[in-house]
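Here are the chains, one letter per residue:
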Amino acid sequence: MMTAAPVHVPVLLQEVLDHLVLPPAARILDLTLGLGGHAEALLAKADTDSRYLGVDRDPDARSLAAERLGSDARLSILASAYEDLWDEPQFLAWRAAQAPEGFDAILADLGVSTLQLRTPERGFSFRDAGPLDMRMDPEHGLSARAWIAEQTDESLANAIYQYGEERASRPIARAILRALHEGRLDTTHDLARAVYTVIPREPAKRKGHSDPATRTFQAIRIAVNGELDRLAVSLETAVSHLRPGGRLAVISFHSLEDRIVKQTLRRLAGIYDGPGRVAPVELPKVLKLLQAGGIAPSEAEATANPPSRSARLRVAERLP
Ligand SMILES: C[S@@+](CC[C@H](N)C(=O)[O-])C[C@H]1O[C@@H](n2cnc3c(N)ncnc32)[C@H](O)[C@@H]1O
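Residues numbered from 1 in each chain as written. Predicted model: local features only at pLDDT ≥ 70, side-chain atom pairs only at ≥ 80, totals over all residues.

Not every one of the 20 residues close to the ligand is listed here, only the nearest: Pro10, Thr32, Gly34, Gly37 and Asp58. A breakdown of the residues in the shell around the ligand according to their chemical character gives seven nonpolar, eight polar and five charged. (Near = placed C-beta within 6 Å. Nonpolar A, V, L, I, M, F, W, Y, C, P; charged D, E, K, R; others polar.)

Here it is, written out as structure tokens:
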């Protein structure tokens, strides 16, 4: 059951506010509205003529954000995955009517929200027993259990290795599929137990030592939601919707995601990272990188809000 209203503490909030410049009558696109934490702060900074379009694929997040901020007439909420947003008639109509010159600020705060992690029925967490689901949009796509049922030992091991950077991916994949075929894989706890048969859980969790199921859960969540599949192209499309001088801010939560964000922004800034020293073709330069190494949370934020620890913010500005 969803107990008290879940709180999602917006990550790197001050840094986002510092780097997203809001002119008068700003046009802001939030690709991952979540519970509206960043939105609330950005709207507080924006003037009365500004407009804010908040997008999320999760119906629970959209209704909680609407409850929190719905009375603000500057905000519109749109149901979509950001990968599919760009051709949505509702988006195109909003863009043409409200932001014909493009956006001044686009924010993507990637990954899962505390709402998703803390609601056992959503099946994201190994801590609480829940159905093995993990879909950010429970109305579409395969649940984690259905997705696992479609895998072979090899394809599951590859996903766990690639998206979870888990070295014991092969025995874990075998243990998961064995549990499935023996009718013991219905809940998040069943999945965690399958992992523990390979990497036993230490009775007393040592400080800084993550649960052995963490990497496998991350991997299956990324695969089920296709989280990395169209990230690069979505960021590139987002940049094309910025007006010159407008800024894109992206917060990622693990190294795989951050690598894609970094490579995409660098490429759009005309920086060649491929083999050899010189690019085979000159890369068009449409972005200027700000804080090229990215911005990590302060020690104070990481201590106050441990999930922020792995976050990294990257910001870039659209060139004329
Ligand atoms: C980290 S939370 C955002 C939190 C938000 N910035 C706040 O302060 O409350 C990420 C949100 O992005 C949504 N999300 C993840 N991938 C998405 C996608 N591909 N398209 C749209 N929304 C997505 C999730 O449903 C979740 O609500």
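The domain boundaries assigned to the protein chain delineate domain 1 (13-111 + 228-318) and domain 2 (140-225). For domain 1 and domain 2, the distance between their C-alpha centroids amounts to 30 Å. (Domains from an automatic or database assignment.)

A few words now on the environment of Ala296. Its place among the elements puts Ala296 in the loop between strand 6 (287-295) and helix 14 (299-304). Using a count of 16 C-beta atoms within 10 Å as the deciding quantity, one classes Ala296 as partly exposed. With 135 residues separating them in the primary sequence, Ala296 and Tyr161 have C-alpha atoms 25 Å apart. (Helix = DSSP H or I, 4+ residues; strand = E, 2+ residues; numbered from the N terminus. Buried ≥ 20, exposed ≤ 12 C-beta atoms within 10 Å, placed from the backbone.)

Let's shift gears to the sheet that holds strand 2 (residues 51-56). Read across the open sheet, the seven strands follow the order 3-2-1-4-5-7-6; overall the sheet is mixed. Of all the strands in the sheet, the pair left with one neighbour each is strand 3 (75-79) and strand 6. Taken pair by pair, the neighbouring strands of this sheet meet at an average axis angle of 15°, ignoring direction. In this structure, strand 4 (residues 103-109) lies alongside strand 5 (residues 242-252), joined through six bridges in parallel fashion. In the strand pairing of strand 5, Leu107 is matched with Ala249. Helix-sheet contacts for helix 5 (residues 89-98) involve strand 1 (27-30), strand 2 and strand 3, and the interaxial angle to strand 3 is about 160°. Where helix 12 (residues 231-240) meets the sheet, it contacts strand 4, strand 5, strand 6 and strand 7 (312-318), and its direction lies at approximately 150° from that of strand 5. (Pairing = 2+ DSSP bridges. Axes fitted to C-alpha atoms, helices over the stretch in contact; angles between N-to-C directions. Contact = placed C-beta atoms within 7 Å.)

In terms of burial, strand 2 is largely enclosed, as five of its six residues are buried. Where the polypeptide runs from strand 1 across helix 2 (residues 37-45) and back to strand 2, its parallel neighbour, the crossover connection is right-handed. Judged from the five bridges that link them, strand 2 and strand 3 form a sheet pairing that is parallel. Looking across to strand 3, one finds that Leu53 is bridged to Ser76. As a crossover connection, the stretch from strand 2 through helix 3 (residues 59-69) into strand 3 is right-handed. (Right-handed = clockwise from strand over helix to strand, strands pointing away.)

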